[in-house]
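Inside the fold
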2 protein chains.
Amino acid sequence: MRDFSQDHRWLSINTATIRKSKGVELPLPQIIEACVERDIRAISPWRDQVAAAGLPLISRLVKQHGLELSGYCRGGMFTATDAGGLQAAHDDNRRAVDEARELNAKCLVLVVGALPGALAGKAAHKNLALARDQVTDGIAQLLEYARSAEMPLAIEPLHPMYAADRACINTMEQALDVCDDLDPGKTGALGVAVDVYHVWWDPKLQAQIERAGKERLLAFHVCDWLTPTTDMLNDRGMMGDGVIYIPQIRRWVEAQGFAGYSEVEIFSAANWWQQEHGETLDTCIQRHRSAV
Amino acid sequence: MRDFSQDHRWLSINTATIRKSKGVELPLPQIIEACVERDIRAISPWRDQVAAAGLPLISRLVKQHGLELSGYCRGGMFTATDAGGLQAAHDDNRRAVDEARELNAKCLVLVVGALPGALAGKAAHKNLALARDQVTDGIAQLLEYARSAEMPLAIEPLHPMYAADRACINTMEQALDVCDDLDPGKTGALGVAVDVYHVWWDPKLQAQIERAGKERLLAFHVCDWLTPTTDMLNDRGMMGDGVIYIPQIRRWVEAQGFAGYSEVEIFSAANWWQQEHGETLDTCIQRHRSAV
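As the structure is a computational prediction, the values presented were derived from the model and not from experiment.

**Focus on the interface of chain A and chain B**
A common measure of how large an interface is: the accessible area buried when the components associate. Chain A puts 25 residues into the contact, and the matching count from chain B is 25 residues. A per-class count over the side of chain A that touches chain B returns 15 nonpolar, 7 polar and 3 charged.

**Description of the sheet that holds strand β4 (residues 42–44) of chain B**
Residues and elements named next belong to chain B. In space, the 9 strands of this open sheet follow the order β5-β4-β1-β11-β10-β9-β8-β7-β6, with parallel pairing throughout. Whereas interior strands pair on both sides, the edge strands pair on one side only; in this sheet they are β5 (68–69) and β6 (72–76). Where β6 lies against strand β7 (residues 108–111), 4 bridges are found, and the strand directions are parallel. For G75, the partnering residue across the bridge sits in β7 and is L110. Most of the contacts of helix α8 (residues 205–216) go to strand β9 (residues 190–195), to which it runs at about 115 degrees, and overall it touches β9 and β10 (217–222).

**Section: the relation of the copies chain A and chain B**
Aligned on chain B, chain A shows an RMSD of 0.0 Å; the corresponding rotation is 180 degrees and the shift along the axis is 0.0 Å. The transformation just described matches what one would write down for a two-fold rotation axis. Counting the interface residues of chain A, we find that 100% of their copies in chain B are interface residues as well, pointing to one common contact surface.

**Concerning the confidence of the model for chain A**
Confidence in the prediction for chain A averages 98 pLDDT; 100% of positions are at 70 or higher. Note on the complex model: pTM 0.98, ipTM 0.98.

**What about the nonpolar core?**
Grouped together as the largest cluster of nonpolar side chains are 196 residues, with contacts concentrated most on L108 and V192 of chain A together with L108 and V192 of chain B. When neighbours within four sequence positions are excluded, L108 of chain A is seen to be in contact with Y72, G75, A96, V97, A100, A146, M151, L153 and A154 of chain A.

**With respect to unusual backbone geometry**
All names here are of chain B. The omega torsion across C73 and R74 is -5 degrees, close enough to zero to call that bond cis. With respect to the helices, strands and loops of the structure, R74 is situated in strand β6. Here the residue pair T227 and P228 is connected by a cis peptide bond, since its omega of 0 degrees sits within 30 degrees of zero. With respect to the helices and strands, P228 occurs in the loop between β10 and α9 (246–255). With a phi angle near 50 degrees, K22 is a residue other than glycine that sits in the positive phi range.

**Topic: α9 of chain B**
Residues and elements named next belong to chain B. Turning to α9, its buried residues are I246, I249, R250, W252 and V253. Projected onto a plane normal to the axis of α9, the buried residues spread over an arc of 160 degrees and lie on a single side. Where α9 is buried, its residues contact β9, α7 (196–199), α8, β10, β11 (262–264) and α10 (277–291). G257 sits one or two residues past α9 and shows a positive phi near 105 degrees.

**With respect to the sheet that holds strand β11 (residues 262–264) of chain A**
Residue and element names in this part refer to chain A. Spatial strand order, β5-β4-β1-β11-β10-β9-β8-β7-β6: 9 strands in an open sheet with parallel pairing. Each edge of the open sheet carries a strand with a single partner, namely β5 (68–69) and β6 (72–76). With 3 bridges connecting them, strand β1 (residues 11–14) and strand β4 (residues 42–44) associate as parallel partners. Within β4, the residue paired with I13 across the bridge is I43.

**Digging into the environment of L142 of chain B**
Residue and element names in this part refer to chain B. Structurally, L142 can be placed in helix α5 (residues 128–148). C-beta crowding within 10 Å serves as the criterion here: with 25 such atoms nearby, L142 is assigned to the buried category. L142 sits 51 residues away from D91 along the chain, and the two C-alpha atoms are 9.2 Å apart. Discounting chain neighbours no more than four positions away, the residues touching L142 are H90, N93 and L153.

**Some points on the packing of α5 of chain B against helix α6 (residues 172–182) of chain B**
Residue and element names in this part refer to chain B. Where α5 meets α6, the closest approach of the two axes is 11 Å, and the angle between their N-to-C directions is 45 degrees. As far as their axial angle goes, α6 and α5 are oblique. Note on packing geometry: the crossing formed by α5 with α6 is right-handed. The segment α5 lies against α6, with T136, I139, A140 and L143 engaging V178, D181 and L182.

**Overview of the packing of helix α4 (residues 83–102) of chain B against α5 of chain B**
All names here are of chain B. Two elements in contact, α4 and α5, have axes separated by 10 Å at closest approach and are oriented at 40 degrees. One finds that α4 runs oblique with respect to α5. Between α4 and α5 lies a crossing of right-handed hand. On α5, the residues that touch L86, A89, H90, N93, R94 and V97 of α4 are Q134, G138, Q141, L142, Y145 and A146.

**Some words on the environment of A255 of chain B**
All names here are of chain B. One can find A255 in helix α9. On the basis of neighbour counts, which here come to 13 C-beta atoms within 10 Å, the residue A255 falls in the partly exposed class. Each C-alpha atom, one on A255 and one on I139, is 28 Å from the other, the two residues being 116 residues apart in sequence.

**Things to note about the pairing of β1 of chain A**
Residues and elements named next belong to chain A. Burial along β1 is two-sided: L11 and I13 and S12 and N14, pointing in opposite directions, are all buried. Here β1 runs beside β11; their pairing, made up of 3 bridges, is parallel. The partner of S12 across the bridge, within β11, is E263.

**A look at the pairing of β9 of chain B**
Regular strands have side chains that alternate between both faces of the sheet. Residues and elements named next belong to chain B. Most of β9 is tucked away, with 6 of its 6 residues classed as buried. Summarising the sheet, strand β8 (residues 153–155) and β9 pair through 3 bridges and their orientation is parallel. Bridged to A154 within β9 is G191. One crossover worth recording links β8 to the parallel β9 by way of α6, and it is right-handed. As defined by bridge partners, β9 adjoins β10 across 4 bridges and the pair is classed as parallel. Bridging from a neighbouring strand, D195 pairs with H221 of β10.

The rules we used
Residues numbered from 1 in each chain as written. Chains lettered and ligands numbered in written order. Predicted model: local features only at pLDDT ≥ 70, side-chain atom pairs only at ≥ 80, totals over all residues. Contact = placed C-beta atoms within 7 Å. Nonpolar A, V, L, I, M, F, W, Y, C, P; charged D, E, K, R; others polar. Pairing = 2+ DSSP bridges. Helix = DSSP H or I, 4+ residues; strand = E, 2+ residues; numbered from the N terminus. Axes fitted to C-alpha atoms, helices over the stretch in contact; angles between N-to-C directions. Least-squares fit on C-alpha atoms with pLDDT ≥ 70 in both. pLDDT = per-residue confidence, 0-100. Core = buried A, V, L, I, M, F, W, Y, C linked by C-beta atoms within 7 Å. Buried ≥ 20, exposed ≤ 12 C-beta atoms within 10 Å, placed from the backbone. Arc of directions from axis to C-beta. Parallel < 35°, antiparallel > 145°, perpendicular 65-115°, else oblique. Left-handed = near helix turned anticlockwise from the far one by under 90°. Right-handed = clockwise from strand over helix to strand, strands pointing away.

Shown next as structure tokens:
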């Protein structure tokens, strides 16, 4: 396993981590500036942040600073109640591929969606199997376009507590079944984003990481699981503050040949988003060295 | 599948569901009285409620009213940081078996425990594999005693969001692996409690219910998953108010020959525990008919 203790060469910052500074929304150009100041060499930005600043400006800043993108967040949300909704999702996902390509991202991360309407509080139906079929179909369709754009798609299995409203792909095994189905040749066009927050609990995690292999391990995200967790979405912990044995999972991933960035993605409404963003970044750097 | 729409013959009330009435703790004798008044024929009481009222009184009430126990809540919590802690857990679990036997419960439900200390907010370690080994050892040891007492043990796989602090057995597959390991003959002494809240998201659920078969399906618990869920422990929904396709899961379970009670177990601090308990029970009866 690579030694992270001496530098932060392989640290990437998912820009949601400092989406806010002292509770105030922080524009992406300032996030980039704070990363560059600290010799952070990679980021993974969110589409809404890019849109707010304008894709041309972000593209220019990324090139100017020689930043890499460990991923682009995010495509997905493939489910809908009718053909129009499915088509709209597909169109939007093609635009996400285009943006990811413009920014030269390593992959487009897919949060695949779940029961239509559930995120807004009222699910249109309870047929999880149907949602899963729509997701597989949606990925299949997008994959053709993504291949032509040479943009790998990384399915992110989300924690089962998001199965209703955010993603109905909830384990590595399930994600890899989709990969085997749609890309049996392991071409590198389709794989997974392994976020320790979502998969740490899985008794089959090591086996499924081995199954994925280097070709399908497209991204590695870190944060920590706090006890107690007071909010299901926005109470993620800084690496080292929770119960996830992160170095062990990184060891498994790197044993397969993964040699990319370790991307810090922390949603923390009550804690880190209330801190000054520079201090949060400094803590990320420190914990990247000591706890990842 | 059995028709529940005409009566509530197969409704059981897990007594946590009306642990409070209008926010005030409700003693178990009053819970029993409210169930009996409504011709509810089965309950599943919690140990702390039994202890507060006294086992002899509860045993007498149960016999007097001809109540059945669809289960007894709960044994488990097998993990510890030292031999003394493991022994204390074992001793306590033997007492739970004794109590379950005195009350003639169908099974002792096991919430197996996870990282020691995590429930109190500070995990003693992050070694989930070790916790899982301790759990398997603890069940193996208890199984001998439970066999001699003729009390089936029902492992309850808990939702992965409880993997850190409550139970490190988080899928049906994992629970059944333990069953196969410790009771390969499927004697009926060891099985699972299927709670839809914990397992509804699992893409392998149907297959694992089929794998379990009648011999290992010892209990069936219902409630619902709300969107949004505002508390990870105490925001469970009434059947029909959430996204779980409960009748489908019941169909799978009954297809294996399960013919026991459908046990309503709702932890709801902000909603149902604030209602008058009789109204909550009436709603349980109604939803048992219409949504289970």
